[in-house]
Amino acid sequence: MRIRIDLRQLECFVAVAEEGTFRAAAERLHMSQPPLSRQVKQLESELGVTLLNRDSAGAQLTSAGRAFLKGARKTLRQAAEAVETARRYSTRTSRQLKIGYTKVFDPEVFPSLEPAFKNAVPDGALVVVAGVSVELIRRLQRGALDVALIGLPSATGELVVEQLHKEPLVAVIPARHPLARHKILSIAQLKDQPLFWPQRRTNPGFFDHYEEVFAKLGHAPSRRLAEPVDHHLLLAEVANGRGIGFIPKSMTKVRRAGATFRPLKEKEFWIGFGLAYRNAQHASDLDALLRIVRRQTAQRSPGTA
């Protein structure tokens, strides 16, 4: 029996399975819903099984879908690696390494990697891509990036992740807020305040981790606001009295009139910085880049690396 399945069908199925709705999957793949739905239906027809149950709430994996998902992810990953290998050997002169990074941390902690990489690999080049961690992880999984510097905790699937740096989260509150009288704040004091917090779809790993922390502490925030992606926008919202937010301690160097910072009593609130890549086997130029990242992180933050 000959089965005809293409990678686009697998990509569409995996996107729906991970996002939970055809709408969100279509947005992720930058396409409309009808062709996305057709791709999944064609895949199910070719396989002769139902992979997804559709209803008004979204799409849920069937038992066959759950079994198929792992293999589909593996196939996409292997295809991306095969393409990357072919491109790597298409020239014997130089190769561009594509590295993604999140802007969560102070650039003084993680300086430019390009000068050090150029010194180690004279005929190599870096292409640097900025973005939020969840998007960097997706690009890395489908082979659009070679390595990514991401915020932790994050949902990274089968990627290899090395934690390089960890620091406490700090509350940022309006300067005239009654809580500004306190030198240290607790989650119990903040739970009924309007709190800027990331939505699950923007960072499911971070969201799920702290849902468990809130449950453990018994003080889940009751008034959550959608957190701006940019820290400068978050500081502006807090300064205008619209709510309270959390930022990494290193970002408190960025001052904003009308906003002030307070450490948290609970030590469970932290954010990390990690090095993510697809597998432990890689070319010499990527290996050189990984060593540079580890070394520079250790030099800049020896107490947390």
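As a reminder, the structure under discussion sits directly above these lines.
Every chain's residues receive numbers from 1 upward, in the order its sequence appears when written. Only residues with pLDDT of 70 or above have their local features reported here, since the model is predicted, and side-chain atom pairs are shown and tallied only from 80 upward, although totals for entire chains, interfaces and linings are computed over all residues. Side-chain numbers here rest on the full set of heavy atoms in the structure, without hydrogens or water.

**With respect to the side chain of arginine 138**
- Here a strand is any run of E in DSSP of at least two residues, a helix any run of H or I of at least four, and the numbering for each starts at the N terminus. On the secondary structure map, arginine 138 appears in helix H6 (residues 133–141).
- Only 2.4 Å separates the side chain of arginine 138 from the side chain of glutamate 19, close enough to count as a polar contact.
- Contacts are assigned to residue pairs with any non-hydrogen atoms lying within 4.5 Å of each other. Those residues in contact with arginine 138 that lie beyond four places of it in its chain are Glu19 and Arg28. Think of a polar contact as two N or O atoms within 3.5 Å of one another; within protein, one of them needs to be a possible hydrogen donor and the other a possible acceptor, and neighboring residues in sequence only count if both atoms come from side chains.

**A short note on the packing of aromatic side chains**
- Pairing of aromatic rings covers Phe, Tyr and Trp, the last through its six-membered ring, and needs centres within 6.5 Å; plane angles under 30 degrees mean stacked, over 60 mean edge-to-face, and all others mean tilted. Enumeration according to the criterion identifies nine aromatic pairs in this entry.
- Taking 5.7 Å as the distance between ring centres and 45 degrees as the angle between the ring planes, the aromatic pair formed by phenylalanine 214 and phenylalanine 269 counts as tilted. Here the residue phenylalanine 214 occupies a position in helix H8 (residues 204–217), and phenylalanine 269 occupies one in the loop between strand S10 (259–263) and strand S11 (270–277), the gap between them amounting to 55 residues.
- Working definition: with a 1.4 Å probe on protein chains only, accessible area under 20% of the residue-type maximum means buried, over 50% means exposed, and in between means partly exposed. In this structure phenylalanine 214 comes out as buried when scored by relative accessible area, which is 2%.

**Focus: the pattern of salt bridges**
- Definition used for salt bridges: Asp or Glu carboxyl oxygen within 4 Å of a side-chain nitrogen of Lys or Arg. Scanning all chains against the criterion turns up 16 salt bridges.
- A salt bridge links glutamate 18 to arginine 73; the nearest nitrogen and oxygen atoms lie 3.1 Å apart. Placement of the pair is glutamate 18 in helix H1 (residues 7–19) and arginine 73 in helix H4 (residues 63–88), with a sequence separation of 55 residues.
- Two residues, glutamate 27 and arginine 23, come together in a salt bridge whose shortest N-O distance is 3.2 Å. Taken together, the positions of glutamate 27 and arginine 23, both in helix H2 (residues 22–29) and four residues apart, correspond to about one turn of that helix.
- The exposure class of arginine 23 is partly exposed, given its relative accessible area of 43%.
- Salt bridges here are not isolated pairs; linked through shared partners, they connect Glu18, Glu19, Arg28, Arg73 and Arg138.

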